[in-house]
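# Structural characterization, general
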Amino acid sequence: MIRDPWEPLAHRPSPHQAVLSSVEVSVTNMCNLRCAHCAVGDQLMGKDPFRLPVETIIDALDQAPDLKTLSLTGGEPMVSREVVEQWVTPLLRYAKDRGLATQVNSNLTLPLERYLPLEGLIDVLHVSWNYRDQRDFEAVSGLRPAAAEKLFRRMLDNMEALSARGWFVSAESMMTPETAAYLGAFNRRLGAQGCRRHEVHPRYPVSWAAALPVLSLEETAAAVERLLDERDPDVWILFGTFPFFPCSPEPSHRALWRRVQMTPNTTIRNDPDGRSRLNVDGMTGRIRVTDFGNPAPLGSILDGVTLPEAFARYQEDLSYKPYRCVCPEAGCLGPNGIVARTYFQDVDFTARRALEPLPAAAGL
Ligand code: SF4
């Protein structure tokens, strides 16, 4: 049985009762890369004009009694020593003192010495992986060939070195027209690098990626089937923002959902955004449902809005209503906003019901 502390259902007192069990803090908008697919690409800056005192962020976290996980993201949280020492480290120490599971999102291209002082404080080190080789990295990152070569090598070396030290490195790939045929190869390469988990999502058209092409549902289904056929069975595959549901009127989509659920070392995570998680912008104090897509803020910790209050506001949001569905028998909490807007514009999920139960062999 795989335990996933970021799964929203894992901490609910009952399946219908949402609790704020996860917070993600954006600690910087600086990044050394400008990846084509970056969900927050339009917010990146050369220098943060301002960052909240870390104590202000910790005070806000203190007011969220049901927290079980804390994630740090950016930008690139490791890009500056100052951010690492004055924001990342104290926030992770706070989380560990409170018994929270922690995740840091990094592109892993900074020197290894930047990561090592955080040993023992990070439960999941999360990195993006959409490359067959250095040439793909160069194309995605927009770096010149010499810089791409150096940073790609360093990413691989860091992955291997940290995995060998026992770090849990989880790499995320997007299913896109460019990657669909190579996800199995990505997965096996990640296994060879020591990564323990491969997180796989469709790429959705938001923010910087708004103009990039999206796979159709049938193309996505084919990419998932191929990945399952070609994968390394020892690497946990976690599907996120997965657009196939056990209530689908299309039997092949239900069959795919069932296949994924029954495959060992493979899970589907209900999307945490808004169901169990909020994002706090460490530069402005704004509380948002996600760090990308420019969602309307739910308040600001600087205005005295607590995280549970902001979470309660989101639960009342009417735009979320057509897909606020829960089928406990299938372990399903429905699509999130980007999945619904991309693939299910006119579907009222509240009128649907799971047609398949969660298989007994399912990972969660
Ligand atoms: S929770 Fe929603 S999406 Fe999931 S099976 Fe039920 S109705 Fe369908």
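Let us look at the structure shown here. Since the structure is predicted, the reported quantities are computational estimates derived from the model, not experimental observations. (Residues numbered from 1 in each chain as written. Predicted model: local features only at pLDDT ≥ 70, side-chain atom pairs only at ≥ 80, totals over all residues.)

### Re helix α8 (residues 251-262)
In this model, α8 (twelve residues) spans 16 Å end to end at C-alpha, consistent with the 16 Å of a helix rising 1.5 Å per residue. Every buried residue belonging to α8 is among L256, W257, V260 and Q261, and all of these are buried. Taken end-on, α8 shows its buried residues confined to a sector of 135 degrees, consistent with a single buried face. At its buried positions, α8 is contacted by α7 (217-230), β7 (236-239) and β8 (266-268). (Helix = DSSP H or I, 4+ residues; strand = E, 2+ residues; numbered from the N terminus. Expected span 1.5 Å × (residues − 1). Buried ≥ 20, exposed ≤ 12 C-beta atoms within 10 Å, placed from the backbone. Arc of directions from axis to C-beta. Contact = placed C-beta atoms within 7 Å.)

### Some points on the packing of α7 against α8
The N-to-C vectors of α7 and α8 enclose an angle of 30 degrees; their axes lie 11 Å apart at closest approach. With respect to α8, the axis of α7 lies roughly parallel. Seen from above, α7 lies across α8 with left-handed handedness. Of α8, the residues touching α7 (which contributes A221, V224, E225 and L228) are S252, H253, L256, R259 and V260. Counted by class, the contact of α7 with α8 contains five nonpolar, two polar and two charged residues. (Axes fitted to C-alpha atoms, helices over the stretch in contact; angles between N-to-C directions. Parallel < 35°, antiparallel > 145°, perpendicular 65-115°, else oblique. Left-handed = near helix turned anticlockwise from the far one by under 90°. Nonpolar A, V, L, I, M, F, W, Y, C, P; charged D, E, K, R; others polar.)

### Looking at the sheet that holds strand β3 (residues 101-105)
With mixed pairing, eleven strands are arranged side by side in an open sheet as β8-β7-β6-β5-β4-β3-β2-β1-β9-β10-β11. Edge positions in the sheet fall to β8 and β11 (299-300), since each of these pairs with one other strand and no more. Pairing of strand β10 (residues 286-288) with β11 involves two bridges; the strand directions are antiparallel. In the sheet register, R286 faces β11, and the bridge partner there is S300. (Pairing = 2+ DSSP bridges.)

### Section: the site of the ligand
Around the ligand, the structure places 14 residues, and the nearest of them are C247, C325, C327, C332 and G334. Class assignment for the residues of the shell around the ligand results in eleven nonpolar, one polar and two charged. (Near = placed C-beta within 6 Å.)

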